[in-house]
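Chain by chain, the residues:
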Amino acid sequence: MSTSVLSQVQHPELFEPTRVGSIEVKNHYAMGPMGPLGFSTAEGGWNQRAIEFYTTRARGGIGLIITGVCQVTNPADGVPPGLIPNPTLSPGLFLTTSRDLTERVHAYGAKIVLQVGAGFGRVIIPGVLGGRTPAAPSAIPYRWDPSITCREMTVEEIQGIVAQFRIAGMVAREAGFDGIQVHAVHEGYLLDQFAISYFNHRTDAYGGSLQNRLRFAREVAQAIHESAGADFPVQLRFSPKSMIKDFGVGAMPGETFTEMGRDMDEGIEAARLLVSYGYEALDVDVGSYDSWYWSHPPMYQAKGLYVPYARQLHEACPEIPLIVAGRMDDPDLAAAATADGTATLVSLARPTLADPEIVNKLQRGRRDLVRPCISCQEGCIGRIEKYSSLRCAVNPLAARELERPLPQATDRTRMRVLIVGGGVAGMEAARVLAERGHLPVLHEASERLGGVVIAGGQPSFKEDDLALIAWYERQLAELGVEVHLGSRVDAELIRRSGADHVLIATGSTPRLLDLGEGVPVVEATDALLDQDSLGERVVIVGGGTSGCELAISLRERGIEVTIVEALADVLKKNAPTCMANHAMLHDLVAYRGVEVLAGVRAEHVTDAGLLVSVDGEERLVPAQTVVTAIGYKPRHELEAEVKAAGIPYHVIGDARRCANIMYAIWDGFEVASQLAK
């Protein structure tokens, strides 16, 4: 690497070799584990989609890849074959497909650890459970339906799972993996349920004292070493703190509460015991299924949120190597965590979905080229929850790497494409068309690219939305895309454009509500762009995502906020797909002191505020400004003009269907990646 490039690199120390336990790693970056949904053959091996997925991240510069969790056969859970890879269902097939994976990953100088789980227990999802009674350490409430009580697992069932890890250890070593990471005394999965007294009420050898509650995890480590050898590295995914207030109830950041799960004191004690049992490194996060927005942090959580807890663990146990995750894509955060020894490796999971080349780009000093993860969790956790498939909102090719390279235009097939609208759908379409060798020409009526994402990115916790717009602007500039700002497209422009194809990406317009005369009534998009002008008391009509996020943003400014929602609760419509995002946004509304009037209809404004109807009676809600946040409707009035001009066209993004950033980007990618004469 030349001196001129090195001088641009932030924190070159992050790219120096290191060791995590006995594994030598070429830099300080790990790829965090993500559920490998859609990555399994019917018999539990890795499919080609999975092999390309991990190989692409190895090529992108990651030092250590930790696979998504592969479950051993656990009859108590009854996970159906083919849902996720399983090293013990058909060990021969798993060995064969894993060997293909590890050899390709190793070609790029990366190491790869196989993450293997014991099971789900009380948190197994209903679709997998199939009507059976869930099995857990004790008779405790089922996470997804507390009216159901889990049955207590038998000792024979526990020992059967331990025996499965003997097979997994042997297969992992033979397949060329550089170690195993056990999943997990973390997040409230089965081994964690055994380890936490709140869930484990057993009176046998697997319950009672902390040592007994960790016996299951100890026997798993011993079983792996028995089959794979004492020198085979075994790591553990570990949460030193659970953030549980009650069954199904998590704590807010900064909240004072009584920890019902594992607190830091016990977490530190458990860490020492686990390392003594043969786990040579801990992959650290915080949270549980009962506080899922800690285990899967949305944009409402701070970046580097696990570092304070990992630092406490490191200061108490400096001899234990730690892998630290938690929105760590900022190199400044990563460098600070490694500099004081808190993190041996910094773990990036979702950022590697958004940009598989993130580490290479950072090492080249091109942070500006990194496509940002926006922590929306729509494509990753959201798609896993709903469709058992791992994807990414901002990178449509995540887990679709087999589709690379995109078909390229030739002199005969090259097209001039008029793109009307510079929101994320239009920008993504322009980017992809330019990469394919076509000639996109983008017209945006306003003076700035970004569309409604500009307003949506105004709250402090949505900074990555604005970073995504900036990334698109740089991409279009580097690709030489012709962009016209302040250019309103009309029939005449369409006719003289010379376009072979038109993409209508004109976005959406807010739904308006006539509330009469009185205090100012402002639409949510305008309110987000000028929050300081709204006064000291604001009423928001509409408790969807936009209304709730605006409310929290206003509370950060010290403004009193009331949400008026016609439905029974906020976020009943237009809520985030991912449970973690939905739950945290919902809880934040109350925690930040936003008053919610649910089941209430807005009637009209007065000079003193908003009159609402509650059970047939009117009530005045005082306000200096009323904001309407009642959704959007597609805007595609140019469609008739394009039809009249006889030019082939597609309507994409919100102009086709009002949704979110993910579906707008996916629309732009899908059409632009396949567009042909």
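Everything that follows concerns the structure shown earlier in this document.
Definitions and limits used
Residues numbered from 1 in each chain as written. Predicted model: local features only at pLDDT ≥ 70, side-chain atom pairs only at ≥ 80, totals over all residues. Heavy atoms only, no water. Helix = DSSP H or I, 4+ residues; strand = E, 2+ residues; numbered from the N terminus. Rg over C-alpha atoms; globule rule 2.2 N^0.38 Å. Buried < 20%, exposed > 50% of the residue type's maximum accessible area, 1.4 Å probe, protein only. Contact = heavy atoms within 4.5 Å. Areas by Shrake-Rupley, 256 points an atom, 1.4 Å probe, with all protein chains shown as cover. Lys, Arg positive; Asp, Glu negative; His and termini not counted. Charge placed at Lys NZ, Arg CZ, Asp CG, Glu CD. Pairing = 2+ DSSP bridges. Axes fitted to C-alpha atoms, helices over the stretch in contact; angles between N-to-C directions. Left-handed = near helix turned anticlockwise from the far one by under 90°. Nonpolar A, V, L, I, M, F, W, Y, C, P; charged D, E, K, R; others polar. Phe/Tyr/Trp six-rings, centres within 6.5 Å; stacked < 30°, edge-to-face > 60°.

1. Points about the overall build of the chain
Phase 1: The secondary structure content of the chain amounts to 24 helices and 32 strands.
Phase 2: In terms of overall size, the chain behaves like a compact globule, its C-alpha atoms giving a radius of gyration of 26 Å where 677 residues would be expected to give roughly 26 Å.
Phase 3: Counting over 677 residues, the chain shows a buried share of 59%.
Phase 4: Residue pairs in contact within the chain that sit at least 24 positions apart in sequence constitute 70% of those at least 6 positions apart.
Phase 5: Only carbon and sulfur atoms are counted for the fraction: they give 50% of the accessible area of the chain, which is about 25000 Å².
Phase 6: Computing the positive centroid from 63 side-chain charges and the negative centroid from 83, the chain places the two 5 Å apart.

2. A look at the sheet that holds strand 23 (residues 521-523)
Phase 1: Spatial strand order, 23-30-24-25-26: five strands in an open sheet with parallel pairing. The sheet terminates laterally at strand 23 and strand 26 (595-598), the two strands that pair on one side only. Each adjacent strand pair in this sheet contributes to an overall mean axis angle of 25°, direction not counted.
Phase 2: By the bridge criterion, four bridges tie strand 24 (residues 537-541) to strand 30 (residues 625-628) in an arrangement that is parallel. Its bridge partner being in strand 30, Val538 is matched across the sheet by Thr625.
Phase 3: Contacting strand 24, strand 25 (560-565) and strand 30, helix 21 (residues 545-556) runs over the sheet at an angle of about 165° to strand 25.

3. Looking at the packing of helix 3 (residues 91-106) against helix 5 (residues 155-174)
Each packed pair of helices is defined by two parameters, the angle between the axes and the distance between the axes.
Phase 1: Look at helix 3 against helix 5: their axes get within 9 Å of each other, and the N-to-C directions meet at 30°. Every pair of crossing elements has a handedness; the one defined by helix 3 and helix 5 is right-handed. Residues Pro91, Phe94, Leu95 and Arg99 of helix 3 form the contact with helix 5, whose participating residues are Ile167, Val171 and Glu174.
Phase 2: Tallied by class, the residues present in the contact of helix 3 with helix 5 amount to five nonpolar, no polar and two charged.

4. Things to note about the packing of aromatic side chains
Aromatic rings considered in pairs are described by the distance between their centres and by the relative angle of their planes.
Phase 1: Across all of its chains, the model carries 19 aromatic pairs by this definition.
Phase 2: Aromatic side chains Tyr198 and Phe199 sit 5.7 Å apart centroid to centroid with 55° between the ring planes, which places their arrangement in the tilted category.
Phase 3: Taking the centre distance of 5.0 Å and the plane angle of 70° together, the rings of Trp471 and Tyr472 count as edge-to-face.
Phase 4: Overall, the relative accessible area of 3% leaves Trp471 in the buried class.
Phase 5: Put simply, the rings of Phe39, Trp46, Phe53, Tyr54 and Phe94 touch in pairs and so form one group of aromatic residues.

5. Considerations on the sheet that holds strand 28 (residues 609-614)
Phase 1: Taken in spatial order, the three strands line up as 27-28-29 in an open sheet, and their pairing is antiparallel. Sheet topology places strand 27 (601-605) and strand 29 (617-622) at the edges, where each strand pairs with a single neighbour. Each neighbouring strand pair of the sheet contributes to a mean axis angle of 35°, computed without reference to strand direction.
Phase 2: Where strand 27 lies against strand 28, four bridges are found, and the strand directions are antiparallel. Paired with Arg601 across the two strands is Ser613, which belongs to strand 28.

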